[in-house]
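Chain and residue survey
This is what each chain is made of:
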Amino acid sequence: MAQPRNPLILIDGSSYLFRAFHALPPLNSSKGQPTGAIKGVVSMIRRLKKDYPDSPVAVVFDAKGKTFRNDLYEEYKAHRPPMPDDLRSQIAPIHDIVHAMGLPLLIIDGVEADDVIGTLAAQATADQREVLVSTGDKDLAQLVSDHVTLLNTMTDEHLDRSGVEKKFGLPPEKIIDFLALTGDKSDNIPGVPGVGPKTAVKWLQEWDSVDGIIEHADQVKGKIGERLRDNIDQLKLSRELVTIRLDVPLDLTLHELIPEPEDRERLLALFRELEFRGWSKELEQDGVKVPEKEQARVREEMGTEAHHAEAAESLDVADVTPDATDYRCVTEEKVLKECLARIRKAGRVAISAVQEGSHFMERELIGLALAWAPGEAIYVPLAHDTLSADRRPDRDVLLALLKPDLENPKIRKLAHDAKALTHVLQNVDITPSEADFDTLLASYVLNSVASNHTLEAVARYYLDTGLPELGAVIGTGRKKLAFRQLEPEQLLDHAARSADLIGRLAQLLDARLRESEALSGLFRYYEMRLSPVLQRMERRGVLLDAERLGRQSHAIEEKLTTLERKAHDEAGEAFNLGSPRQLQVILYEKMEIPVIRKTPKGQPSTAEPVLQELALEHELPRIIMEHRGLSKLKSTYTDKLPRQINPATGRVHTTLQQAVAATGRLSSTDPNLQNIPIRTPEGRKVRQAFIAAPGKKLVAADYSQVELRIMAHLSGDKGLRKAFAEGQDIHRATAAEVFDMAVDEVTGEQRRRAKAINFGLIYGMSAFGLARQLGIERRDAQQYVERYFERYPGVKDYMERTRQEAEEQGYVETLFGRRLYLPDIRAANGMLRQAAQRTAINAPMQGSAADIIKQAMVDIDHWLSANGGLDAMMLLQVHDELIFEVAEQDIDLLSDGVRFRMMSAASLSVPLVVDIGTGDNWDEAH
């Protein structure tokens, strides 16, 4: 979109203030002054000044107190909570910086910033002058004209006339009526209940305006028509509330909006006091100096004279970047002892292991890198074949020297994936003290949607540096060398730098985390405490009956053969069931089944969702689906699991991945024990192979409908809360509401449908998806959904509110402050945007459930460790379920203790319920 070269720029400061506060990571200066919103707003102003150097810029903020809209409607914005203290304290510094930048700052009593901007934009339009309004507020779309354009600098979205039409489906002239119809929950503007954007657009396209809609209100049928007719006065009031004034009396004219020269000394003083080091450095490099009197005056104005020594140090990259590095290979006992003495003096050590092997139980420690200060690190080679006899150190002696300090809890341990490091050290009989800081987990907590949390990726992101390339050293393909085949010096720079980067990142990321109390708490009290718990669970493993799995494999093979014959009979010829091309020919050419979806290359699709849909009406796709499911079960579990049993323990040892799922959920790999299908008899039989040791039982403790309970808590819906508080079967209760009958009259099929609705809606399922899952008409599914929302209006309000907040903020949060960013929430691609909206609804529930069970695991592990007389171990976590192995005489004690700690892991407005089962194998216990 072509932009005018030097438009008048009007900045909606209030809009950006709130969005910067909520959308950006919280920041604080070392003196405790919140600075995140200041930095966000000032960054936006600086960017606009840079992009439009010849344009006059004015910044507009809301005034304190009520406005004319409160006189029109007493409830206007009445439900908004008070402004957080952390936000309020940032307003004055922003105003000070705007003044120091020489920009006009407009704050007009009795009206909002929108009205001031609207008035100035109208004056500019009358003068045929181009205006760029910088805002994140959709309401200002009504101001767009041939001369007025909107720019959201947080999303880089430009809206001219065509942009408004594309976004809203309506021209700017109809935005007021659109907003009047839909209302605004955040501002408490009522609108017409039940009218969403689609209905509003439809009506306005048909009847042109609110007046036209009112004139034809008797033509609107159904409940929505009743609501329209019942709320005509409310609609007219809403239109008045959303209309931006264009005639606010101002003390200055449009032509007086001329920036003054910057007060660069004061600007530098402000930046220094707020600890914006990068901006301060820019001014200092230009020769700006601040008289001590000016710095003292700024300090006094901000009330930050007292320095809080206990506050977290706010670090920049430069603070953890050494001028030079000192990396050494250490093979002599004397030198290693000297280095260990320096580590003890420093009281901290960053550790990186050079290791080989795919599974942690067999991984071999090739060498160990240790760093105790930025730029200072050593590499201790332990298993390099290339060292000659006279240079080769005594591995056992070096390990014996390392062991006491690595196991000493008084020396803080820093690592990147401390769990994996602990495993490889335990393989050489060293159990290090629990890590004080894990840069992998810190990166994950700060940004869980990042696709890569490797040390290389994290260092590149936060330190703008990385690790030396190893490809040229170890080679590729068949010529690739093992680490043990290299000279230690060839690995020195990579290994020592790894430890050095871990130490430097720990300092920087610790400061970043401390800028947010919520994220710091998640890191310290959830992720860091959980990591050693998971490590112990992984190390214990789960006992597996390989013979039972062998029998299952044989039975599945026979069934696969039978299914293959059935498929050939149904098709009328033999074909390869695993060949998409052959299946295309059979289904779509020979059997002439209608094509419902194509591949990106235009071929008829045989993907699983397509076959599922076809299987509702055709036998062959159903057979193919069953064959695929059994084949996957056999190859992934019944054939493979016996090969993954550790010969020394007789158990399988899964890796519980802590930094993968964006919502905070754990995932299981190598082998994946969380995705064993349990909806088929064959899948449940796989769980029967997970057994207890002789004299013991398996106990499974499972949160009952925890995500629905969290939905009840988050939405505040009275019906859901009442059902859970009374201990009702929630699916039966929902069926009674949706099908309008007594609870005791609900059939099993009706309960099944209600269960699909309950879980489907919290996962953002549409009526179409529900229809497909239940095998019913879409019309019927839509009626179920509508009845559900009528009975549980709080759920609908929560979903709409969450979608709106996600779009405005760009993220959602769990109950415990875990933040999930949604990069596609404003995507132009409808499918991506809708997927992000579904994620926005479900993520707070799934993420909160993940955090709750993590807290429970930490509490239970502490209790089991402290209770030496209880013969029990925690073995597995599978979503909302924990698996234990316990001596038979301790089953009741374990069950009571686990239930209490799982129920106490969080305080919700509805009770947490835990179901506990016991058996000789996992299937029996579950």
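Check the entry above for the structure.
Since the model is a prediction, treat every value here as computed from it, not as a measurement. (Residues numbered from 1 in each chain as written. Predicted model: local features only at pLDDT ≥ 70, side-chain atom pairs only at ≥ 80, totals over all residues. Heavy atoms only, no water.)

1. Quick word on the side chain of glutamate 682
Mapping glutamate 682 onto the fold places it in helix 28 (residues 681–688). Overall, the relative accessible area of 17% leaves glutamate 682 in the buried class. Polar contacts involving the side chain of glutamate 682 include one to the side chain of lysine 559, which spans 3.1 Å. (Helix = DSSP H or I, 4+ residues; strand = E, 2+ residues; numbered from the N terminus. Buried < 20%, exposed > 50% of the residue type's maximum accessible area, 1.4 Å probe, protein only. Polar contact = N/O pair within 3.5 Å; in protein donor to acceptor, adjacent residues only side chain to side chain.)

2. Details of the layout of surface pockets
If you add up the space inside the second largest pocket, you get close to 1600 Å³. Along the walls of the second largest pocket sit 36 residues, with Ile678, Arg679, Lys755, Phe759 and His879 positioned nearest its centre. Sorting the residues of the lining of the second largest pocket by element identifies strand 17 (696–703), helix 29 (706–715), helix 32 (748–762), helix 33 (767–774) and strand 22 (914–919) as the ones contributing at least two each. Here the lining of the second largest pocket takes six residues from helix 32, the largest share from any one element. When its residues are assigned to classes, the lining of the second largest pocket shows 14 nonpolar, 11 polar and 11 charged. (1 Å grid on protein atoms, 1.4 Å probe; cavity = no way out; pocket = protein on both sides within 12 Å on 5 of 7 lines; lining within 4 Å. Points joined across faces, edges and corners; volume = space filled by probe spheres on them. Nonpolar A, V, L, I, M, F, W, Y, C, P; charged D, E, K, R; others polar.)

3. Considerations on helix 30 (residues 718–725)
If you check which residues of helix 30 are buried, you get Leu720, Ala723 and Phe724. Axial view of helix 30: buried residues confined to an arc of 95°, hence all on one face. Counted as exposed and oriented over 90 degrees from the buried face of helix 30: Lys718 and Ala725. In this structure aspartate 717 caps helix 30, since a side-chain oxygen of it lies 3.0 Å from the backbone nitrogen of glycine 719. (Arc of directions from axis to C-beta.)

4. Let's talk about the packing of aromatic side chains
Aromatic ring pairs: the centre-centre distance and the angle between the two ring planes describe each pair. As enumerated under the stated definition, the model contains 12 aromatic pairs in all. For the pair tyrosine 461 and tyrosine 462, a centre-to-centre distance of 4.7 Å together with 80° between the ring planes defines the contact as edge-to-face. Since its relative accessible area comes to 16%, tyrosine 462 is described here as buried. Between tyrosine 788 and tyrosine 792, the ring centres sit 4.9 Å apart and the planes meet at 65°, which makes this aromatic pair edge-to-face. (Phe/Tyr/Trp six-rings, centres within 6.5 Å; stacked < 30°, edge-to-face > 60°.)

5. Topic: the packing of helix 32 against helix 34 (residues 778–791)
The geometry of helix 32 relative to helix 34 is characterised by a closest axis approach of 11 Å and an angle of 75° between their N-to-C directions. In terms of orientation, helix 32 lies roughly perpendicular with respect to helix 34. Contacts from Arg753, Ile757, Asn758 and Leu761 of helix 32 reach helix 34 at Tyr784, Val785, Tyr788 and Phe789. Taken together, the residues of the contact of helix 32 with helix 34 break down into six nonpolar, one polar and one charged. (Axes fitted to C-alpha atoms, helices over the stretch in contact; angles between N-to-C directions. Parallel < 35°, antiparallel > 145°, perpendicular 65-115°, else oblique. Contact = heavy atoms within 4.5 Å.)

6. A short note on the environment of aspartate 417
Mapping aspartate 417 onto the fold places it in the loop between strand 11 (412–415) and helix 18 (418–426). Spatially, the C-alpha atom of aspartate 417 lies 9.5 Å from that of phenylalanine 437, the residues being 20 residues apart in sequence. Excluding its chain neighbours within four sequence positions, the residues that come into contact with aspartate 417 are Asp438 and Leu440.

7. Focus on the packing of helix 32 against helix 33
Running from N to C, helix 32 and helix 33 point in directions that differ by 145°, and their axes come no closer than 10 Å. Along this stretch, helix 32 crosses helix 33, giving a crossing that reads as right-handed. Along its contact with helix 32, which presents Arg752, Arg753, Ala756 and Ile757, the element helix 33 presents Leu770, Gln773 and Leu774. Partitioning the contact of helix 32 with helix 33 into residue classes produces four nonpolar, one polar and two charged. (Left-handed = near helix turned anticlockwise from the far one by under 90°.)

8. Considerations on the nonpolar core
Counting 70 residues, the largest nonpolar core has Tyr703, Tyr788, Ile860, Phe884, Leu894 and Met902 as the members making the most contacts within it. No other element matches the 11 residues that helix 36 (residues 830–866) contributes to this core. Counting 56 residues, the second-largest nonpolar core is a separate cluster that includes Leu120, Ala141, Leu204 and Val242. (Core = buried A, V, L, I, M, F, W, Y, C linked by side-chain atoms within 4.5 Å.)

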